[in-house]
Amino acid sequence: MKDLKMPATERRRLTRNSIYNFIYESETPPSKQEIAQQLKLSLPTVHQNITELLNAGLIRVGQIQKSTGGRRPVGYSVVSNLKFAVGISITADKLRFLASDLKQEELAYQKIEMGSLKGDDIGRLIRDELEIFFDKNRLDRSQLLGVGITLPAVLDEEKDEVKLSPTLRMRDISLGTIREPIPYPTYIENDGTSGGFAEWFESRNAVSSDIAYLYLENGVGGAVFINGAPYFGKNKRSGEFGHMCVEPGGLPCNCGKKGCLEAYCSALRISAKLGITVEEFFEDLEKGNPEYQALWQDLLEHLSVGINNIRMALDCDVILGGFLAQYLEPYMPELRRMVSERNTFEDNAEYVRLCRYPRRADMMGVAWHYIKEYIENI
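Described below are features of the structure shown in this document. Source: prediction; values computed, not measured.

**Thoughts on the overall build of the protein**
Secondary structure assignment for the protein yields 12 helices and 15 strands. What you see for the protein is a C-alpha radius of gyration of 23 Å, in line with the 21 Å of a compact globule of 378 residues. Along the first, second and third principal axes, the C-alpha atoms of the protein reach 70 × 50 × 45 Å. Counting all 378 residues of the protein, 50% fall into the buried class. Counting 46 positive and 53 negative side-chain charges, the protein places the averaged centre of each group 6 Å from the other.

**A few points about the sheet that holds strand S11 (residues 211-216)**
Strand order in the open sheet formed by five strands is S13-S12-S11-S14-S15, and the pairing between neighbours is mixed. Looking at which strands have only one partner, the edges of the open sheet turn out to be strand S13 (229-230) and strand S15 (352-354). Looking at chain direction, S11 and strand S12 (residues 220-226) are connected through six bridges and run antiparallel. From the neighbouring strand, Tyr215 faces S12, where its bridge partner is Gly221. Strands strand S14 (317-321) and S15 of the sheet are contacted by helix H11 (residues 332-342), whose axis makes an angle of about 155 degrees with S15.

**Thoughts on the side chain of Ser194**
As for its placement among the helices and strands, Ser194 is situated in helix H6 (residues 191-203). Filtering out sequence-adjacent residues up to four positions away, Ser194 remains in contact with Thr150, Glu189, Ala361, Asp362, Gly365 and Val366.

**Notes on the packing of aromatic side chains**
Counted according to the given criterion, the structure contains 14 aromatic pairs. Directly above the aromatic system of Tyr351 lies the positively charged group of Arg311, at a separation of 3.7 Å from the ring centroid.

**Focus: the sheet that holds strand S3 (residues 84-90)**
What the five strands build is an open sheet, ordered S5-S4-S3-S6-S10; its pairing is mixed. At either margin of the open sheet sits one strand with a lone partner, and together these are strand S5 (106-113) and strand S10 (186-190). Going across the sheet, the axis of each strand differs from the next one's by a mean of 20 degrees, ignoring polarity. Bridge analysis of S3 against strand S4 (residues 94-101) gives seven bridges, and the strand direction is antiparallel. Bridge assignment links Ile90 to a residue of S4, and that residue is Leu95. Seen against the sheet, helix H12 (residues 361-376) touches S3, S4, S5, strand S6 (144-151) and S10 and runs at an angle of roughly 145 degrees to S3.

**What about the packing of helix H10 (residues 290-314) against H11?**
Where H10 contacts H11, the two axes come as close as 9 Å, and the packing angle between them is 50 degrees. Between H10 and H11, the interaxial angle falls into the category oblique. Considering the relative orientation of H10 and H11, their crossing is right-handed. Here H10 contributes Gln297, Leu300, Glu301, Leu303, Ser304, Val305, Ile307 and Asn308 to the contact with H11, which in turn contributes Glu334, Leu335, Met338, Val339 and Arg342. Tallied by class, residues from the contact of H10 with H11 come to seven nonpolar, three polar and three charged.

**So, H11**
Within the sequence span of H11, burial applies to Met332, Leu335, Arg336, Met338, Val339 and Ser340. Lining the buried residues of H11 we find H10, S14 and S15.

**Description of H10**
Taking 1.5 Å of rise per residue, the 25 residues of H10 would be expected to cover 36 Å, and the 36 Å separating its terminal C-alpha atoms lies within 8% of that figure. Taking the backbone nitrogen of Glu291 as reference, a side-chain oxygen 3.0 Å away marks Asn289 as the first, capping residue of H10. Phi turns positive one or two residues past the end of H10, at Asp315, with a value near 55 degrees.

**What about the side chain of Arg269?**
Assignment of secondary structure puts Arg269 in helix H8 (residues 267-274). The class of Arg269 is buried, set by a relative accessible area of 13%. There is a polar contact of 3.0 Å between the side chain of Arg269 and the backbone oxygen of Tyr264. Residues contacting Arg269, with those up to four places away along its chain left out, are Leu251, Ala263, Tyr264, Leu295, Asp298 and Leu299.

**So, the packing of helix H1 (residues 8-25) against helix H3 (residues 43-55)**
Running from amino to carboxyl end, H1 crosses H3 at an angle of 80 degrees, the nearest separation of the two axes being 10 Å. Taken together, H1 and H3 sit at an angle that is classed as roughly perpendicular. Touching Arg12, Thr15, Arg16, Ile19, Tyr20 and Ile23 of H1 are Thr45, Val46, Asn49, Ile50, Glu52 and Leu53, all from H3. Considering only residue class, the contact of H1 with H3 consists of six nonpolar, three polar and three charged.

The rules behind these values
- Residues numbered from 1 in each chain as written.
- Predicted model: local features only at pLDDT ≥ 70, side-chain atom pairs only at ≥ 80, totals over all residues.
- Heavy atoms only, no water.
- Helix = DSSP H or I, 4+ residues; strand = E, 2+ residues; numbered from the N terminus.
- Rg over C-alpha atoms; globule rule 2.2 N^0.38 Å.
- Buried < 20%, exposed > 50% of the residue type's maximum accessible area, 1.4 Å probe, protein only.
- Lys, Arg positive; Asp, Glu negative; His and termini not counted.
- Charge placed at Lys NZ, Arg CZ, Asp CG, Glu CD.
- Pairing = 2+ DSSP bridges.
- Contact = heavy atoms within 4.5 Å.
- Axes fitted to C-alpha atoms, helices over the stretch in contact; angles between N-to-C directions.
- Phe/Tyr/Trp six-rings, centres within 6.5 Å; stacked < 30°, edge-to-face > 60°.
- Lys NZ or Arg CZ within 6 Å of the ring centre and 35° of its normal.
- Parallel < 35°, antiparallel > 145°, perpendicular 65-115°, else oblique.
- Left-handed = near helix turned anticlockwise from the far one by under 90°.
- Nonpolar A, V, L, I, M, F, W, Y, C, P; charged D, E, K, R; others polar.
- Expected span 1.5 Å × (residues − 1).
- Polar contact = N/O pair within 3.5 Å; in protein donor to acceptor, adjacent residues only side chain to side chain.

Here you go:
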């Protein structure tokens, strides 16, 4: 039944948007007949909106569909390079830039090493390096939707500030000091939450709509999705898995407490404790280095405690992300065994899975903020 209170122009826009989104989400270019059938629209309505989308340059004629007789139907696909967004990751020692088109395909990537910087210095550095990034990769600024920035930090949306970032050594810093030097629409989000968005976006049609994303990098964070939507919590601190206690009175954490999951399971524990890179650690681990094996076993043990805590609290799939996740695949059987031994209700831990994007998920996820906004308003 039509909403008689809604203006006719808005009803038409919503119809056009539903058709665009159906084409966007389809794995193969759908035909007009498929669109009409799936969205329960008349063929003339679909034809009119397809014509408008084609004339606007938002979609293109895709592949020709197979026919059971007569003229073969034409399929349609979105023009993914029409617009792009940039995701920027700020960590303790580097900046990373990623440009993503409308279909979340990577257009360009760059990593920049940096020293310890304050908030206003970071904003100016991003501004300068962003212009170099655009020029170097021949990215048309007129097609830019916006710039998303991720921080390993608890953010206070109401006060518009970094509440706490142990790895960046920030506390109660205004986000404006980072945002204001940048001459483009800019959005700032927690890195774990952004990584969770990327993972959810890629897997949204294939997995349960309830997931917990555990982000394992120099810090440990995460995100929670319930019924396919992000759950932020009362203070926007949901998914701060890194600061759950897994060892009372244990190792000191950068947050000032002891025994946090981050103190045991971050990549920084490996590199800082041993004075080597993560890559070097895993190379020697595979060669049987006993010191590294003991450290890795301890890390897995505490990781299994954290995963089981998440499973007990949320009863959903747990996806392991962040760059540390790319090294976990050979150890997943052992990790699942550890988790299942701690689980009161289940004999296996197949609900623990590796992410699809171990290295650049946070940048892809924060770029999605502007891409999603653009798609929703077509």
